[in-house]
Amino acid sequence: MIYALIGEDKADSLESRMAVRGEHLARLNALKDQGRLLMAGPFPAIDSNDPGPAGFTGSLVVAEFASQAEAEAWLADDPYTRTGVFVRTSVRPYKKVLP
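Here goes a summary of the coordinates provided. (Residues numbered from 1 in each chain as written. Predicted model: local features only at pLDDT ≥ 70, side-chain atom pairs only at ≥ 80, totals over all residues. Heavy atoms only, no water.)

Points about the sheet that holds strand β3 (residues 56-64)
- In space, the 4 strands of this open sheet follow the order β2-β3-β1-β4, with antiparallel pairing throughout. Each edge of the sheet is formed by a strand with only one pairing partner; in this case those strands are β2 (37-44) and β4 (86-94). The sheet shows a mean angle of 10° between the axes of neighbouring strands, taken without regard to direction.
- Bridge count for strand β1 (residues 2-9) against β4 is 8 bridges, and the pairing is antiparallel. The residue bridging Gly7 from the neighbouring strand is Thr89, located in β4.
- Of the strands in this sheet, β1 and β4 are in contact with helix α2 (residues 68-76), which crosses β4 at around 155°. (Pairing = 2+ DSSP bridges. Helix = DSSP H or I, 4+ residues; strand = E, 2+ residues; numbered from the N terminus. Axes fitted to C-alpha atoms, helices over the stretch in contact; angles between N-to-C directions. Contact = heavy atoms within 4.5 Å.)

What about the nonpolar core?
- Counting 15 residues, the largest nonpolar core has Tyr3, Leu5, Phe65, Ala71, Trp74 and Val91 as its most contacted members.
- At the level of elements, β1, α1 (14-33), β3, α2 and β4 are the ones that each hand at least two residues to this core.
- Leu5 has contacts with Ser59, Leu60, Val61, Phe65, Ala71, Trp74, Leu75, Ser90 and Val91, leaving out every residue within four places of it along the chain. (Core = buried A, V, L, I, M, F, W, Y, C linked by side-chain atoms within 4.5 Å. Buried < 20%, exposed > 50% of the residue type's maximum accessible area, 1.4 Å probe, protein only.)

So, the pattern of salt bridges
- Under the defined criterion, the tally for this structure stands at 7 salt bridges.
- Its salt-bridge partner being Asp77, residue Arg27 comes within 3.9 Å of it at the nearest N-O pair. Residue Arg27 is located in helix α1, and its partner Asp77 is located in the loop between α2 and α3 (79-82); the two are separated by 50 residues in the primary sequence.
- Relative accessible area serves as the criterion here: at 42%, Asp77 is assigned to the partly exposed category. (Salt bridge = Lys/Arg side-chain N within 4 Å of Asp/Glu carboxyl O.)

Remarks on α1
- With 20 residues, α1 should reach 28 Å at 1.5 Å per residue; the first-to-last C-alpha distance of 27 Å fits that figure.
- Along its length, α1 reaches its greatest deviation from straightness, about 55°, at Arg21.
- Looking at α1, one finds that the buried residues are Arg17, Val20, His24, Arg27, Leu28 and Leu31.
- In the stretch just after α1, Gly35 is the one whose phi turns positive, near 75°. (Expected span 1.5 Å × (residues − 1). Bend = angle between axes of the 7 residues up to and from the residue.)

Remarks on the side chain of Ser59
- Mapped onto the elements, Ser59 comes out in strand β3.
- Among the polar contacts made by the side chain of Ser59, one reaches the side chain of Arg17 at a distance of 3.0 Å.
- Ignoring anything within four residues of it in the chain, the contact list for Ser59 reads Leu5, Ile6, Gly7, Arg17, Gly41, Pro42, Phe43, Tyr80 and Phe86. (Polar contact = N/O pair within 3.5 Å; in protein donor to acceptor, adjacent residues only side chain to side chain.)

Considerations on the pairing of β3
- With 7 bridges joining them, β1 and β3 adopt antiparallel strand pairing. Pairing of Ala4 across the sheet is with Val62, part of β3.

Here it is as structure tokens:
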């Protein structure tokens, strides 16, 4: 099943986020290589593709997992979660309709 994984950043987390971004992207690329990643990306803190020092307010990952428990475990082990960039996370089943 497909799940939407959402992480909300703590305030002023840009430096912490950037410190573990490479590890975070490696995990996303592993999902992509397995054909399980539908999309992923951050929420800019301002209305800009490059928010600069304003940073980000969180991230969204939409991917296939065998179960909600597996999706929750994946998110719990993400570097953004483990290092405290994310202050809150949620995982929700997702039904793709379009395109």
